[in-house]
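Commentary on secondary and tertiary structure
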Amino acid sequence: MNTWQMYIDGKWVEARDAKTYPVPNPATEEEFARVPDATVVDVERAVAAARRAFDEGPWPRTPLPERVAMLQRIADIIERRKDEFRDVLVATAGAEFVTHAQQLESPIQLIRNMAEIASRHPFEELLPMVEQPTPAGGNLVSTLLVRQPVGVCALIPTWNFPLWVTAQKFAPALAAGCTMVVKPSPWAPLIDLMIAQVVDEAGVPPGVVNVVCGQAPEIGPALVEDPRIDKVSFTGSNATGMRIMESVAKNLTRVHLELGGKSALMVLDDYELDAAVPSAASPTFFHAGQGCAMTTRVLVHRSRHDELVAKMAAFVESAVKVGDPADPSVLLGPVIRPERRAAIEEYIASGREQGADLVTGGGRPAQLDRGWFVEPTIFGNARADMRIAQEEIFGPVVTVIPFDDEEHAVRIANDSDYGLFGSILSHDKRRAIELAKRIRTGGVSINGAFNSFQKPSGGFKQSGIGRENGRFGLEEYTELQVVMWPN
Ligand code: NAD
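Note that the structure is a prediction, hence the values are computed from the model and not measured.

Here we look at the pairing of strand E10 (residues 231–235)
Within E10, five of the five residues are buried, which leaves it mostly tucked inside the rest of the structure. Burial along E10 is two-sided: Lys231, Ser233 and Thr235 and Val232 and Phe234, pointing in opposite directions, are all buried. By the bridge criterion, four bridges tie strand E7 (residues 152–156) to E10 in an arrangement that is parallel. Looking at the pairing, Cys153 lines up with Lys231 of E10. Sheet topology places E10 next to strand E11 (residues 254–258); five bridges connect them, and they run parallel.

Here it is, written out as structure tokens:
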């Protein structure tokens, strides 16, 4: 039996009561591995280890070049073990071949990039001298700005791009000199356990990185409410984000939230519909629509709506092969769990009931008798107030909404509690950039352009608080301290 252990204080351990739970392959419904089912006591052990490693261990005081070298070593080990990571991503996260650049290559690059950014980050910065009388008599004051590690971090990543989401958190945390407890999603814990193996091999001191996995609902709250935690970084749904925010209020713990999205793609009138189709349809297949920044609302002028929708449906029906992502020709794999499929199906039913046109899909693929699959689904003629236009479905479903003019399109795009991302298709770059600035989201891509590593990634409104990636992501794991002396 393929049973894993978890990683606390530099040791591989079972859960306190030795219980385990199965991690299935969502394409086959078969058990892929078993992992420890942690209790609150295990979480407490991990937090104690991380606290000790921060207060007494060498890591927060390790010179920056050594921290940078450690990150580079970690990236090298993941690179060497890439095929093992790929197999686990396919079998436990349902990672289709087309997602591997984002699932596997990007996280390795992200860690290397973070090492590079950290190496020239001003962790200690002398500010310009100021004239100010001091009790000691001098009237020139020097100020050293120190970016201290924020402390012990609770990192709670999600399951959809597990290596990417965890790398976005642990790489800057390590670079800044923090220690951490990683609590992966119960649905995709193996990648985080593999990260623990990598960290162990790289020689990160015991207690700096701890990984605790389990499915008991009380372990997340136990972690974020522990007063020994200095910062929580969570990626997941808004509902959980709100609960975490309430929890951290008790200790005024710093909190960083990367939450959901309902991003809009605007097809402007100068853009050819044929060229728009692959991006407009992409959430119906790319990782089964299970991505926070996917443009699941497509906005197009009313006069071109029917043509676009017909072209999208033809594309999806002819080009999207559904099946087990272990087959590299498959474009659309399963969704992660049967309860997620049930929620997606409920949204599809609501779209029909509220009067949107179901153009293609809407059911389960008839040819697949196992696995948690949903057909690629497109709704047309939707209204902005429908549930399928407002709520995050997190499945292979796209909602097309017609607009009357550009002002109307901006209003629809901004008519959302979310504010994560957006996309504009237009050959008029200047017009698109001006339009982008009117969209209340953390990012807008014009004609598919993307910058994975330097861009601050995060949301306006209810899509989150804080930014990941690049120097902004690194600063999330530091606290500013000033040291002043007279001259
Ligand atoms: P979820 O909200 O169901 O989160 C589940 C995780 O939260 C589990 O690890 C669970 O143990 C933990 N948890 C639950 N209650 C808790 C509590 N009170 N305190 C602490 N931890 C608690 O979300 P999910 O299904 O894992 O993720 C899907 C969501 O993630 C989608 O909404 C998606 O948009 C979002 N997402 C956002 C980004 C981003 O960068 N903004 C990236 C990927 C996914």
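Quick look at the site of the ligand
The environment of the ligand is made up of 25 residues, and the closest members are Thr158, Ser237, Thr240, Leu259 and Glu392. Measuring from an oxygen atom of the ligand, one finds a side-chain N or O atom of Trp159 at 3.0 Å. Here an oxygen atom of the ligand sits 2.5 Å away from a polar atom, N or O, in the side chain of Glu392. Considered on its own, the ligand offers 870 Å² of accessible surface; in the complex 86% of this is hidden by protein. Those elements that provide at least two residues to the shell around the ligand are helix H7 (219–225), E10 and helix H8 (238–249). Broken down by class, the residue content of the shell around the ligand amounts to twelve nonpolar, nine polar and four charged. The residue makeup of the shell around the ligand includes at least three contributed by each of domain 1 (6–259 + 464–486) and domain 2 (263–452).

Focus on the side chain of Arg34
Here Arg34 is to be found in strand E4 (residues 31–36). Of note is the side chain of Arg34, whose polar atom sits 2.9 Å from the side chain of Thr20.

Observations regarding H8
Its twelve residues place the ends of H8 17 Å apart at the C-alpha level, agreeing with the 16 Å of an ideal helix rising 1.5 Å per residue. Turning to H8, its buried residues are Asn238, Gly241, Ile244, Ser247 and Val248. In this structure, the buried side of H8 is in contact with H7, E10 and E11.

Some words on the sheet that holds strand E18 (residues 445–446)
Across the sheet, which stays open at both edges, the seven strands sit in the order E14-E15-E16-E13-E12-E17-E18 with mixed pairing between neighbours. Each edge of the open sheet carries a strand with a single partner, namely strand E14 (357–360) and E18. Sheet topology places strand E12 (residues 264–267) next to strand E17 (residues 422–425); four bridges connect them, and they run parallel. Paired with Ala264 across the two strands is Gly422, which belongs to E17.

Looking at the side chain of Ser463
When you line up the elements, Ser463 lands in the loop between E18 and strand E19 (464–465). Since its relative accessible area comes to 0%, Ser463 is described here as buried. Looking at Ser463, its side chain comes within polar contact range of the main-chain nitrogen of Leu420, at 3.2 Å.

Some details on unusual backbone geometry
For Glu29, which is not a glycine, the phi torsion comes out positive at approximately 70 degrees. Tracing the backbone shows Glu29 in the loop between strand E3 (20–24) and E4. Taking relative accessible area as the criterion, Glu29 reaches 39% and is therefore assigned partly exposed. A positive phi angle, close to 55 degrees, is found at Ala288, a residue other than glycine. Mapped onto the elements of the fold, Ala288 is located in the loop between helix H9 (273–281) and strand E13 (297–301).

Digging into the sheet that holds strand E5 (residues 124–131)
Strand order in this open sheet of three strands is E5-E6-E20, and the pairing throughout is antiparallel. One side of each edge strand has no neighbouring strand; the edge strands of this open sheet are E5 and strand E20 (478–486). Averaged over all neighbouring strand pairs, the angle between strand axes comes to 25 degrees, with direction disregarded. As defined by bridge partners, strand E6 (residues 140–149) adjoins E20 across nine bridges and the pair is classed as antiparallel. Its bridge partner lying in E20, Arg147 is registered against Leu480.

Quick notes on the packing of helix H2 (residues 64–80) against helix H4 (residues 100–119)
Running from N to C, H2 and H4 cross one another at 170 degrees; their axes reach a closest spacing of 9 Å. For the element pair H2 / H4, the angle class is roughly antiparallel. For the pair H2 and H4, the contacting residues are Leu64, Val68, Leu71, Gln72, Ile74, Ala75, Asp76, Ile78 and Glu79 in the first and Ile108, Ile111, Arg112, Met114, Ala115, Ala118 and Ser119 in the second. Grouping the amino acids of the contact of H2 with H4 by side-chain chemistry returns eleven nonpolar, two polar and three charged.

Brief notes about the packing of aromatic side chains
Tallying each qualifying case throughout the model produces six aromatic pairs. On the numbers, 6.2 Å between centres and 50 degrees between planes, the contact of Phe285 with Phe315 is tilted. Here Phe315 lies in helix H10 (residues 302–319) and Phe285 lies in the loop between H9 and E13, a separation of 30 residues in the sequence. Aromatic side chains Phe421 and Phe450 sit 6.0 Å apart centroid to centroid with 70 degrees between the ring planes, which places their arrangement in the edge-to-face category. Highlighted residues: Phe421 in the loop between helix H13 (406–414) and E17 and Phe450 in the loop between E18 and E19, separated in sequence by 29 residues. Judged by its relative accessible area of 52%, Phe450 falls in the exposed class. One aromatic cluster is present, formed by Trp159, Trp187 and Phe394 through successive ring pairs.

What counts as what
- Residues numbered from 1 in each chain as written.
- Predicted model: local features only at pLDDT ≥ 70, side-chain atom pairs only at ≥ 80, totals over all residues.
- Heavy atoms only, no water.
- Buried < 20%, exposed > 50% of the residue type's maximum accessible area, 1.4 Å probe, protein only.
- Helix = DSSP H or I, 4+ residues; strand = E, 2+ residues; numbered from the N terminus.
- Pairing = 2+ DSSP bridges.
- Near = heavy atom within 4 Å.
- Polar contact = N/O pair within 3.5 Å; in protein donor to acceptor, adjacent residues only side chain to side chain.
- Areas by Shrake-Rupley, 256 points an atom, 1.4 Å probe, with all protein chains shown as cover.
- Nonpolar A, V, L, I, M, F, W, Y, C, P; charged D, E, K, R; others polar.
- Domains from an automatic or database assignment.
- Expected span 1.5 Å × (residues − 1).
- Contact = heavy atoms within 4.5 Å.
- Axes fitted to C-alpha atoms, helices over the stretch in contact; angles between N-to-C directions.
- Parallel < 35°, antiparallel > 145°, perpendicular 65-115°, else oblique.
- Phe/Tyr/Trp six-rings, centres within 6.5 Å; stacked < 30°, edge-to-face > 60°.

What is shown is where atoms sit, not what they do.
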